[in-house]
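Per-entry structural report
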Amino acid sequence: MAVKVQKKASAIDMTAMCDVAFLLLTFFILTATARQPEPLTVDTPTSTVQTKLPESGLATLTVGKGKVFFGMTDREVRKRTLELMSEEYKIPFTDEEKARFSLIDGFGVPIGSLKQIIAMNSGERNQEGLQPGIPMDTVNLDKGELSRWIFNARTAYAEQKNMPLKFAIKGDAKLEYPQVKKVMDILQKQEVNSFNLVTGLRGRD
C-alpha cells in the first residue's frame, strides 16, 4: 500500500530583500542632488545635437525676457568671484554672505542689490519678476557689470584651476537675436570665442 506524502507550500522569507531595497532607497535619497528652481525660466530652441555640458568649470549666461542672469558651477569659484567684484565695486560682503552666495546657482541683479538676494532663501529669491537682470553696457562692453562678472569669474577660475573657464549661453527660443548677440559680443570682447549654446533636445525627422 503506497503512502502519500502531504505536500506543504514553501514560504520564502523576504525580510532580507526588503532590507536591501530600503538600504538602496536610503542611499539614493541621501546622495541625490535636488534640482534647484531656476530664477529665470527660458524656453530654449530645439536641436538634435546631443552634447553634454561639463558639470564643473562652466559659467552659464541665461538670456530671456529682456534680462541676463549669470551662474557658475563651482562653489569656490563663485565665492572668489564675489570677492573680486567686492574689491572692484567697493561693496563689502561678510564671510557669511560669501558662503551663502557660493550656494546660489544663478542670479540676475545689480551688485548693489546683491546683499538682499543673498539674504533670501531659494524660494523667495526665485520668485518670478523679482530679479531685474544684471546690467550690461552695450556702448562700452568692458564697463557693464555683466562684463565684469565674466572677467572676474575667469580670473577666479584661472587662479584656482589654472585653466580657462568655459561658457554656455542659454537663450529663449522666442527672444530676439540681438539680445543674445550682445552677450556674445561681450564674450568675444574678452577673447572668449568658444562657447556652448544650450538647446532642448528633439527627435530627428
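Residues numbered from 1 in each chain as written. Predicted model: local features only at pLDDT ≥ 70, side-chain atom pairs only at ≥ 80, totals over all residues. Heavy atoms only, no water.

Focus on the environment of A59
Take A59: it is sitting in strand β2 (residues 58-64). Once the C-alpha coordinates of A59 and G106 are considered, the two residues, 47 residues apart in sequence, prove to be 9.4 Å apart. (Helix = DSSP H or I, 4+ residues; strand = E, 2+ residues; numbered from the N terminus.)

Describing the confidence of the model for the protein
Looking at the protein as a whole, the pLDDT averages 82, with 72% of positions reaching at least 70. Counted against residues more than four places away or in other chains, residues 201-205, with its pLDDT under 50, gives nine contacts. (pLDDT = per-residue confidence, 0-100. Contact = heavy atoms within 4.5 Å.)

Considerations on the nonpolar core
Considering soluble globular proteins, one finds that nonpolar side chains tend to be buried as a cluster. One finds L61, F70, L114, W149 and F167 to be the most contacted residues of the largest nonpolar core, which totals 36 residues. The set of elements that each furnish at least two residues to this core consists of β2, β3 (67-72), α2 (75-89), α4 (114-119), α6 (145-161), β5 (166-171) and α7 (177-189). It is α6 that provides the largest number of residues to this core, a total of six residues. (Core = buried A, V, L, I, M, F, W, Y, C linked by side-chain atoms within 4.5 Å. Buried < 20%, exposed > 50% of the residue type's maximum accessible area, 1.4 Å probe, protein only.)

Let's talk about the pairing of β5
Taken across its six residues, β5 has five buried, putting it largely inside the fold. Where β2 and β5 come together, six bridges link them in parallel fashion. Looking at β5, one finds that A59 is bridged to F167. Taken together, the two bridges between β5 and strand β6 (residues 196-197) define a ladder with parallel strand orientation. In the sheet register, I169 faces β6, and the bridge partner there is L197. (Pairing = 2+ DSSP bridges.)

Considering the side chain of S102
With respect to the secondary-structure elements, S102 resides in the loop between α3 (95-101) and β4 (106-107). When neighbours within four sequence positions are excluded, S102 is seen to be in contact with R75, R78 and K79.

Quick notes on the pairing of β2
Consecutive side chains of a regular strand alternate in pointing toward one face of the sheet and then the other. Within β2, six of the seven residues are buried, leaving the element largely enclosed by the surrounding structure. Across six bridges, the pairing between β2 and β3 is antiparallel. When the sheet's bridge partners are listed, T60 is paired in β3 with G71. Hairpin connection from β2 to β3: two residues lie between these consecutive antiparallel strands, with K65 at a positive phi of about 55°.

Thoughts on α2
When the terminal C-alpha atoms of α2 are compared, their 21 Å separation across 15 residues agrees well with the 21 Å that a helix rising 1.5 Å per residue should span. Along α2, the residues classified as buried are V77, R78, T81, L82, L84, M85 and S86. Those residues of α2 that are buried lie in contact with β3, α3, α4 and α6. Positioned one or two residues after α2, K90 has a phi angle of 55°, which is positive. (Expected span 1.5 Å × (residues − 1).)

A closer look at the packing of α2 against α6
Where α2 meets α6, the closest approach of the two axes is 8 Å, and the angle between their N-to-C directions is 125°. What the angle tells us is that α2 and α6 run oblique. The two elements α2 and α6 cross, and the hand of that crossing is right-handed. In this structure, α2 contributes E76, V77, R80, T81, L82, L84, M85, E88 and Y89 to the contact, and α6 contributes E145, R148, W149, N152, A153, T155, A156, Y157, E159 and Q160. Within the contact of α2 with α6, the residues separate by chemical class into nine nonpolar, four polar and six charged. (Axes fitted to C-alpha atoms, helices over the stretch in contact; angles between N-to-C directions. Parallel < 35°, antiparallel > 145°, perpendicular 65-115°, else oblique. Left-handed = near helix turned anticlockwise from the far one by under 90°. Nonpolar A, V, L, I, M, F, W, Y, C, P; charged D, E, K, R; others polar.)

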